[in-house]
Amino acid sequence: MMMVMQPEGLGAGEGPFAGGGGGGEYMEQEEDWDRDLLLDPAWEKQQRKTFTAWCNSHLRKAGTQIENIEDDFRNGLKLMLLLEVISGEDGKSVHLGPRTQEHLDSRGHRVAECLTGLGGEGRVCGQWLQLPLMTFGPWTLLLYPGERLPRPDKGKMRFHKIANVNKALDFIASKGVKLVSIGAEEIVDGNLKMTLGMIWTIILRFAIQDISVEETSAKEGLLLWCQRKTAPYRNVNVQNFHTSWKDGLALCALIHRHRPDLIDYAKLRKDDPIGNLNTAFEVAEKYLDIPKMLDAEDIVNTPKPDEKAIMTYVSCFYHAFAGAEQAETAANRICKVLAVNQENEKLMEEYEKLASELLEWIRRTVPWLENRVGEPSMSAMQRKLEDFRDYRRLHKPPRVQEKCQLEINFNTLQTKLRLSHRPAFMPSEGKLVSDIANAWRGLEQVEKGYEDWLLSEIRRLQRLQHLAEKFRQKASLHEAWTRGKEEMLSQRDYDSASLQEVRALLRRHEAFESDLAAHQDRVEHIAALAQELNELDYHEAASVNSRCQAICDQWDNLGTLTQKRRDALERMEKLLETIDQLQLEFARRAAPFNNWLDGAVEDLQDVWLVHSVEETQSLLRAHDQFKATLPEADRERGAIMGIQGEIQKICQTYGLRPCSTNPYITLSPQDINTKWDMVRKLVPSRDQTLQEELARQQVNERLRRQFAAQANAIGPWIQAKVEEVGRLAAGLAGSLEEQMAGLRQQEQNIINYKTNIDRLEGDHQLLQESLVFDNKHTVYSMEHIRVGWEQLLTSIARTINEVENQVLTRDAKGLSQEQLNEFRASFNHFDRKRNGMMEPDDFRACLISMGYDLGEVEFARIMTMVDPNAAGVVTFQAFIDFMTRETAETDTAEQVVASFKILAGDKNYITPEELRRELPAEQAEYCIRRMVPYKGSGAPAGALDYVAFSSALYGESDL
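This is a predicted model, so every value here is computed, not measured.

## Section: the environment of Asp298
- Looking at the element boundaries, Asp298 is found in helix H10 (residues 296-301).
- Using a relative accessible area of 17% as the deciding quantity, one classes Asp298 as buried.
- Linking Asp298 and Ala42, residues 256 residues apart in sequence, is a C-alpha distance of 7.4 Å.

As structure tokens, then:
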């Protein structure tokens, strides 16, 4: 509070002062202060002390005071001064120069300015004062802008005093106050009752009349304010302005409610009224600048304390805390706005974090799926396939949930931003929902390509494994057949042989040539297998090529040696004429039979690769056909053995040297019998192997049918649920809570169905472990089921989120269920295509049906609001947002600026200390961190710009 600085020579009460006006009719009907009315002595004492303290609390602002209330107002001067002070207490300091001249300042207040160094009489702010003859240097006066009172009379005679008092009473009457039985003469004569009555009238008009609480004013308003503030406190029940205040607890409760740091209310006792009252008086005087106007003993010892004294004292508390009330309201508004901003920023940070983690996971996963470097072995590729299954079963499903939750969080955040009139959230570059969706689509494309590559690579390795095994078997058989052939062809055994032996050698050579020609196809088959292994990039192609080249080189050498030996034998044939026909016949029949045996052994030992029951059964039928030829082959074997027996019989009959060997063929009967026995052993072995393969293929077929039976049930179920959720989203009925309950039940049913998907995944894994990759019994692959399931989960989650956002909209905007139902019914009616969107013409018709009178310009403006991306459709959420904006009210930037202005004491800036004093710690620090420095003039260091901050709350987001 500013003190008056007066020039030397001015006494108390003679300084400059200004009057303040107040309009309105006088609202209180006060009792007449009749001269003969007797006043209770206790009340008179209380009023005298209270009114004196009240008057001094105002007069001290003008640098004066009164000691005796009935004497000090008798000349009217201090009474006029009191009226000017209390009629306009918005004081300010004005610097005066050497000459004094009255004028209006920039705020419309009357001020005085010294214009010359001469003294004299002048009027300053409505009051006349006498200046010294000479004034030197500047001096400052505290001025009270307001209405002027007439110039006081300077004389000291009775009629001068009466005139001044009448001027004061006329001023009071001009404020709409009806003065009853109060005249200037009684005041001048020092009539205590009349003086107290006059002061009470002034108190009512200037301290109590303007109090207004919940559409009540004056006394009732002040009483209601006291009741509201003390309601939470024990042992306090304010019903009047006399007995309700005797124990002092009501006064202590008023102080504690606004300044809990000044009084420990819990320690107060109802049975100590003197102590409670003195505590309240001392604290109010020391900390609240409310002078002590009452005596505790007078209040306690009076059966009914004076109502006017109590009201006067309590009104001081109302005015003392009025600014705090306004500041508290402003602080609450700011805290509410900041809480919304902080929550939104938290949701933005959570979105950014979740989006970054999901995009980072996709970024790490895509290179792994793009890696198409194959493994040389089947086991290594199967490990890759198992890793891919783990990715599908364990790693990807949580990310699918994260992606869905991310979309839900984004939609919820945007809804909250719209409801609080904040700008839409724009994520960091590359983190839009559409960016995440594009990255996810890229992931799934790479994933599909990786799976196709895995399966094709496994088939390739399977084929390679089969061809390599076949190559090794045929190469081994051929190498076994050629073993020793080069050495045999290089012999010169015909040099010392007889004619018969030579002819035998020649015939034997012919048989060899026949056998050699029969093996030509086998060599070509071996070369073809090697070529195919090279084309399929077999990892051991080098060793295959080396072995194949050795076989071909050896085959060429055998051909050369065979031709050389034939030439030599033909030369010897001319010398030899006797050939054993029987041995020749044996050789002719035994050679092809032996070749047949070799082919049979090779076929019985041949490996195969089949993928179905039908292919296995085809192999079984071929094997049965082969077994049907065995009786005929056995008869041929018997015939060949018969020729050998006949040879031995002739030798014995004619005494010829027994022929232990056949000169025409190296094959002995024992060799044929040995191979025949081998064929007979291989036949049942192959029977068993084929039957085992048939059983395996039948198991695979059962797995196919088992998977198909489940997939054919799950696939249509998922499709039906997707369509059902779509219908629910387009035609929700009932209250939002009922809709949410129905959707939650539907969601639970879908979650409960997950066990069927898991069983199908298990069957799918068994098929892949059995290397079964086709299924003719169903059109649904596991990938189709997974995509449909993810689509179903996303659809139900989005529908639930839409209803949740409607609940948020309803609660935040104060919409009723009937309004939301009306909006939904209108939208559904004009959603012609039943796809959850209205076309512009349908939207216009919908608005017209709801009472809007739309021109082209207005409709175009509305379309920019509901369809900012110019997609040509209006979604249900955009329609709801528009309708709620039409019916709801929210805080604005201007309201927040006004609240900060209150906390700042009407300044255009605010300091960190003021923020910490007026706001909770968290909100205060939040403001301090984000407010920019104030750039205007006249501000202290560290001042902050709350206007820019308030505008930014409703402007672009920092994130």
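Further notes follow.
## Section: the packing of aromatic side chains
- As enumerated under the stated definition, the model contains 31 aromatic pairs in all.
- For the pair Tyr351 and Phe425, a centre-to-centre distance of 5.5 Å together with 85 degrees between the ring planes defines the contact as edge-to-face. Separated by 74 residues along the polypeptide, Tyr351 in helix H11 (residues 307-370) and Phe425 in the loop between helix H12 (378-419) and helix H13 (433-482) bring together distant segments of the chain.
- Accessibility expressed as a relative area gives 1% for Tyr351, which makes it buried.
- Ring geometry for Phe410 against Phe425: centres 6.3 Å apart, planes inclined by 50 degrees, an arrangement best described as tilted. Of this pair, Phe410 sits in helix H12 while Phe425 sits in the loop between H12 and H13, and the two are 15 residues apart along the sequence.
- For Phe410, a relative accessible area of 14% gives the class buried.
- Positioned above the aromatic ring of Trp481 is the side chain of Lys485, whose terminal nitrogen or guanidinium carbon lies 4.9 Å from the ring centre.

## A word on the packing of helix H29 (residues 893-903) against helix H32 (residues 946-953)
- As a packed pair, H29 and H32 sit with axes 9 Å apart at the nearest point and diverge in direction by 150 degrees. Taken as axis vectors, H29 and H32 run roughly antiparallel relative to one another. Here H29 runs over H32; the crossing is right-handed. Residues Ala893, Val896, Val897, Phe900 and Lys901 of H29 touch H32, and the partners they reach there are Tyr946, Val947, Phe949, Ser950, Ser951 and Leu953.
- Here the contact of H29 with H32 is built from residues that sort into eight nonpolar, two polar and one charged.

## What about the environment of Lys474?
- Structurally, the position occupied by Lys474 is in helix H13.
- Given a relative accessible area of 9%, Lys474 falls into the buried group.
- Sequence spacing of Lys474 and Leu529 is 55 residues, and the spatial spacing of their C-alpha atoms is 9.6 Å.
- Among residues more than four places away in sequence, those in contact with Lys474 are Arg522, His525, Ile526, Leu529 and Glu602.

## As for the environment of Gln342
- For Gln342, the location among the structural elements is in helix H11.
- Of the residues examined, Gln342 reaches a relative accessible area of 17% and is grouped as buried.
- C-alpha of Gln342 to C-alpha of Tyr926: the two residues are 584 residues apart in sequence and 8.6 Å apart in space.
- Aside from chain neighbours lying at most four places away, what touches Gln342 is Glu922, Gln923 and Tyr926.

Cut-off values and rules
Residues numbered from 1 in each chain as written. Predicted model: local features only at pLDDT ≥ 70, side-chain atom pairs only at ≥ 80, totals over all residues. Heavy atoms only, no water. Helix = DSSP H or I, 4+ residues; strand = E, 2+ residues; numbered from the N terminus. Buried < 20%, exposed > 50% of the residue type's maximum accessible area, 1.4 Å probe, protein only. Phe/Tyr/Trp six-rings, centres within 6.5 Å; stacked < 30°, edge-to-face > 60°. Lys NZ or Arg CZ within 6 Å of the ring centre and 35° of its normal. Axes fitted to C-alpha atoms, helices over the stretch in contact; angles between N-to-C directions. Parallel < 35°, antiparallel > 145°, perpendicular 65-115°, else oblique. Left-handed = near helix turned anticlockwise from the far one by under 90°. Contact = heavy atoms within 4.5 Å. Nonpolar A, V, L, I, M, F, W, Y, C, P; charged D, E, K, R; others polar.

These figures come from the coordinates and say nothing about function on their own.
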